[in-house]
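Each chain, letter by letter, is given below.
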Amino acid sequence: MLSNNIYQEQHIPSQFERFWRSYRSNSLAMFALWCFGALVLIVLSAGWIAPHDPFTQTHHILQPPSWSHNGSVEYFLGTDNFGRDILSRLLIGAQLTFGYGLLITFIATIIGCAIGIFAGMTKGLLSSTLNHLLDTVMSIPTLLLAIIFVAFLGTGEFNILLAICLALIPRFIRSIYLAVNAEIAKDYNIAARLDGANAFHLLWSSILPNLSTIIAAEMTMAISMAILDISALGFLGLGAQDPTPEWGTMLGQAVDLIYIAPWTVTLPGLFIMFAVIVINLMGEGIRDSLSAGTE
């Protein structure tokens, strides 16, 4: 094979190149990445691509989707019991469920990783107390923690986002704390410390690069949990209130119509399921590729 390289040494791929080669070879993960990109694009452009106003009530009440005999292309996915276009409400709802799920997971990741790294790098009473406290908090399901926070903060969109973010932070603290403790105890870090390396040098050059797999796994799980928790609280009536087109709220408001208008229930549920599956498939590919790059 012809090459313009005058040196005989073979090009050694970087860590990102090894990661991308491994990830690109996984067709299922690549499909999930394209779907994730489409969801992000929908979140960013929902206000422009929505065919109708999601809050406008029309006289087309419970009109079935366009592929039905009584359907219409104007309302492609049909309308709800107030005559509102379901497609427009699902597109705008992607911002409230999927978009906010990404946002609060990003915030929880930054806060949780910072506290977890600080706790893992320190020793003594503070680290031990935090460890036992997190063991207690982790025994409580995230959704139950979010409901407890909502009970104190009150209902509403901002309050449930704050509650879910607070409920996700202990997961990151616990995982990063254990990972940092395990890394510090390894032989090469002990040898580097004996050679005079300070804590910041160990953290930057040795510990943080080995936390990428842990962070990717926790972020994937946290995004899925955030989407499900936002939808669950909306379904229970503790989150966004009608007429806000949040997917869980749409599902909860239409559950009584499952026999006479099943599309009003199945479509929001399918969107929630699709988003969670895409996140899990993409996260699985990222974890496998990072592990392969490390090995």
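The structure reproduced in this document is the subject of the present report. A quick note: this is a predicted structure, and the numbers were derived from the prediction, not measured. (Residues numbered from 1 in each chain as written. Predicted model: local features only at pLDDT ≥ 70, side-chain atom pairs only at ≥ 80, totals over all residues. Heavy atoms only, no water.)

### Description of the side chain of Asp80
We count it as follows: For the purposes of this entry, the term helix denotes a DSSP run of H or I that reaches at least four residues, the term strand denotes a run of E that reaches at least two, and both are numbered from the N terminus. A 3.5 Å cut-off defines polar contacts: any pair of N or O atoms within that distance qualifies, except that in protein one atom must be a possible hydrogen donor and the other a possible acceptor, and neighbouring residues in sequence count only when both atoms are side-chain atoms. Only heavy atoms matter for contacts: two residues are in contact if any of them lie within 4.5 Å across the pair.
Mapped onto the elements, Asp80 comes out in the loop between helix H2 (27-49) and helix H3 (86-121). Polar side-chain contacts of Asp80 include one of 2.8 Å to the backbone nitrogen of Arg84. Residues contacting Asp80, with those up to four places away along its chain left out, are Ile61, Leu62, Ile86, Arg89 and Thr264.

### Here we look at the pattern of salt bridges
The line we're drawing: Here, a salt bridge means any side-chain nitrogen of Lys or Arg that lies within 4 Å of a carboxyl oxygen of Asp or Glu. Exposure is judged per residue with a 1.4 Å probe applied to protein chains only, and the accessible area is read against the type maximum: over 50% gives exposed, under 20% gives buried, and values in between give partly exposed.
Applying the stated rule across the entire model yields five salt bridges. Residue Asp80 pairs with Arg84 through a salt bridge whose shortest N-O separation is 2.8 Å. This pair shows no difference in class: Asp80 is buried, exactly as Arg84 is. In the salt-bridge network here, residues are joined through shared partners; they are Asp80, Arg84 and Arg89.

### Remarks on helix H6 (residues 157-184)
So the rule is basically this: A helix is expected to reach a length of 1.5 Å times the quantity of its residues less one.
The terminal C-alpha atoms of H6, which comprises 28 residues, lie 41 Å apart, in line with the 40 Å expected from a rise of 1.5 Å per residue. Counting buried positions along H6 gives 21 out of 28 residues, so the element sits mostly inside the fold.

### Focus on the nonpolar core
The criterion, for reference: The nonpolar core is taken to be a set of buried Ala, Val, Leu, Ile, Met, Phe, Trp, Tyr and Cys residues, with the residues joined through side-chain atoms within 4.5 Å.
Counting residues in each nonpolar core, the largest one holds 35 residues, and the members touching the most others are Ile86, Leu90, Phe98, Ile227, Trp247 and Ile279. For this core, the elements supplying multiple residues, two or more each, are helix H1 (15-24), H2, H3, helix H9 (212-235), helix H10 (247-254) and helix H11 (263-294). The greatest single-element share of this core, amounting to nine residues, is contributed by H11. Leaving out residues up to four positions away in the same chain, Phe98 has contacts with Phe36, Leu39, Val40, Val43, Gly93, Ile227, Trp247, Ala275 and Ile279. Within the second largest apolar cluster, 22 residues are counted, among which are Ala146, Leu161, Leu168 and Tyr177.

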